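# Observations on chain architecture
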Amino acid sequence: MKLIVNRDGELLEYLYDNLDIPKKKIKQYLTHGSIYVNNVKTTKYNYKLVSGMNIVIDTDNKNKKVLPFDVVFEDDQIIVVNKPSGLLTIATNKEKEKTLYHIVSDYLKSKDKNAKVFIVHRLDKDTSGLVILAKNEKIKNQLQENWNDYVSLREYVAVVHGKIKNKTGRIVQSLKETKTNLVYVSKKGDGKEAITNYKVIKESDNYSLVSVNIETGRKNQIRLAFSTIGNPIVGDKKYSNIKDAENRLYLHANRLKLYYPVIKKDILFEITNPVEFRKIMNK
């Protein structure tokens, strides 16, 4: 069950006012972690809602799964989803189960116990947006091995602090990584080349909404690019010295165009910007 919030309020009262469900049942859904707001599970009765947020309620039984985020495209070869911010793409030594891979795998296996899933590419944990997963190893290998040839557009949208001096630009950097997984710009130029193109879409007194197109896919590339020019991405606690109260990174992979060999044509996957982006730009 999905619904779009049309007025500000608190979660429990809003659901009770807008759904034909007893308050006791809604409380049960919250207690059992079956309610997601903007793709994030919550159990709080008084969770603050703002107009434009989306709510998903998993009313299926235990043997059926519903994804807590949108499926953008799915056929018998691939599934394309809108990954929420704060969710790992694949497991790490510290986190095994709360990952995009694990959630999608459970979802597919609830429909077919023999279903398999393979990660084709990744997004950083803090970045939201389009991720492609394969349903068999053949298409996974085909997409990965030809990724740079198949993908003709990788576009993001970001909200950065302040106003950017140059409204369009091309940032070319040489990036290296420390043993503690922090990416930095190599002054010697002996790192991996990272090319980030951007265009300012909208400005407010404190923020800029920026369209970003990358020519390379380096770790934390976009975050470091804007931090380096003095306009770090809002919510970036890794590469920004600016402390803000936002609880997510304002970076979203919104457009991805690639040649899909199954149909022998290009496909453009496109999703809207998170509601938080619009809200902060109107502050």
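Residues numbered from 1 in each chain as written. Predicted model: local features only at pLDDT ≥ 70, side-chain atom pairs only at ≥ 80, totals over all residues. Heavy atoms only, no water.

A word on the overall build of the chain. For the chain, the count of helices and strands is 7 helices and 17 strands. The C-alpha atoms of the chain give 20 Å as radius of gyration, which agrees with the globular expectation for 283 residues (19 Å, within 12%). Each principal axis of the C-alpha atoms in the chain carries an extent, and together these give about 65 × 50 × 35 Å. Counting only residues that meet the buried cut, the chain has 47% of its 283 residues in that class. Partitioning the intrachain contacts of the chain with sequence separation of at least 6 by distance along the chain shows that 60% fall at a separation of at least 24. Accessible surface computed for the chain: about 15,700 Å², of which carbon and sulfur atoms make up 45%. In the chain, the 51 positive side-chain charges and the 33 negative ones have mean positions that sit 3 Å from each other. (Helix = DSSP H or I, 4+ residues; strand = E, 2+ residues; numbered from the N terminus. Rg over C-alpha atoms; globule rule 2.2 N^0.38 Å. Buried < 20%, exposed > 50% of the residue type's maximum accessible area, 1.4 Å probe, protein only. Contact = heavy atoms within 4.5 Å. Areas by Shrake-Rupley, 256 points an atom, 1.4 Å probe, with all protein chains shown as cover. Lys, Arg positive; Asp, Glu negative; His and termini not counted. Charge placed at Lys NZ, Arg CZ, Asp CG, Glu CD.)

A word on the layout of surface pockets. The calculated volume of the largest pocket comes to roughly 1,300 Å³. Contributing to the lining of the largest pocket are 49 residues, with N38, S85, N247, R248 and E276 lying nearest its centre. Among the secondary structure elements, those contributing two or more residues to the lining of the largest pocket are β1 (2-4), β6 (54-57), β8 (78-83) and α7 (275-281). It is α7 that provides the largest number of residues to the lining of the largest pocket, a total of 5 residues. Split by residue class, the lining of the largest pocket holds 17 nonpolar, 16 polar and 16 charged. (1 Å grid on protein atoms, 1.4 Å probe; cavity = no way out; pocket = protein on both sides within 12 Å on 5 of 7 lines; lining within 4 Å. Points joined across faces, edges and corners; volume = space filled by probe spheres on them. Nonpolar A, V, L, I, M, F, W, Y, C, P; charged D, E, K, R; others polar.)

In total, this model carries 5 aromatic pairs according to the counting rule given. Centroid distance Y198 to F226: 5.7 Å. Interplanar angle 65°. Geometry classified as edge-to-face. Here Y198, found in strand β14 (residues 192-203), pairs with F226, found in helix α6 (residues 221-228); they are 28 residues apart in sequence, far enough to count as distant. By the burial criterion, Y198 is buried, and F226 matches it. Centre to centre, the rings of Y250 and F277 are 5.0 Å apart; their planes meet at 25°, and the pair counts as stacked. Here Y250 is found in the loop between α6 and β16 (251-260), whereas its partner F277 is found in helix α7, with 27 residues between them in sequence. Like Y250, the residue F277 is buried in the burial classification. If you follow K23 out to its NZ or CZ, it ends over the ring of Y16, 4.7 Å from the centre. Here the basic side chain of R248 rests over the ring of Y250, its NZ or CZ set 5.8 Å away from the ring centre. (Phe/Tyr/Trp six-rings, centres within 6.5 Å; stacked < 30°, edge-to-face > 60°. Lys NZ or Arg CZ within 6 Å of the ring centre and 35° of its normal.)

Two quantities define a packed helix pair, namely the angle between the helix axes and the distance between the axes. Put simply, helix α1 (residues 11-18) and helix α2 (residues 23-31) touch, their axes get as near as 10 Å, and they point 135° apart. The angle between α1 and α2 falls in the class oblique. Our pair here, α1 against α2, has a crossing hand that is right-handed. Two secondary-structure elements touch here, α1 through L11, L12, E13, L15 and Y16 and α2 through K23, I26, K27 and L30. (Axes fitted to C-alpha atoms, helices over the stretch in contact; angles between N-to-C directions. Parallel < 35°, antiparallel > 145°, perpendicular 65-115°, else oblique. Left-handed = near helix turned anticlockwise from the far one by under 90°.)

Its place among the elements puts N6 in the loop between β1 and β2 (9-10). Overall, N6 belongs to the exposed group, its relative accessible area being 55%. For the pair N6 and E193, spaced 187 residues apart in the sequence, the C-alpha separation amounts to 45 Å. Sequence-distant contacts of N6, that is, excluding residues within four places in its chain, are made with Y14 and S51.

This next bit is on the pattern of salt bridges. Side-chain pairs of opposite charge can arise where the charged atoms are in close proximity. The tally for this structure, following the rule as stated, stands at 15 salt bridges. Put simply, R223 and D236 hold a salt bridge, and the shortest N to O gap is 2.8 Å. Within this pair, whereas R223 is found in helix α6, its partner D236 is found in the loop between α6 and β16, the two being separated by 13 residues in sequence. By the burial criterion, R223 is buried, and D236 matches it. With a shortest N-O distance of 3.3 Å, R255 and E270 are connected by a salt bridge. Taken together, the residues span a long stretch of sequence, with R255 in strand β16 and E270 in strand β17 (residues 265-270) at a distance of 15 residues. The class of R255 is partly exposed, set by a relative accessible area of 24%. Among the charged side chains, a salt-bridge network with shared partners connects E74, K111 and K135. (Salt bridge = Lys/Arg side-chain N within 4 Å of Asp/Glu carboxyl O.)

Function-wise, these values are silent; they only describe arrangement.
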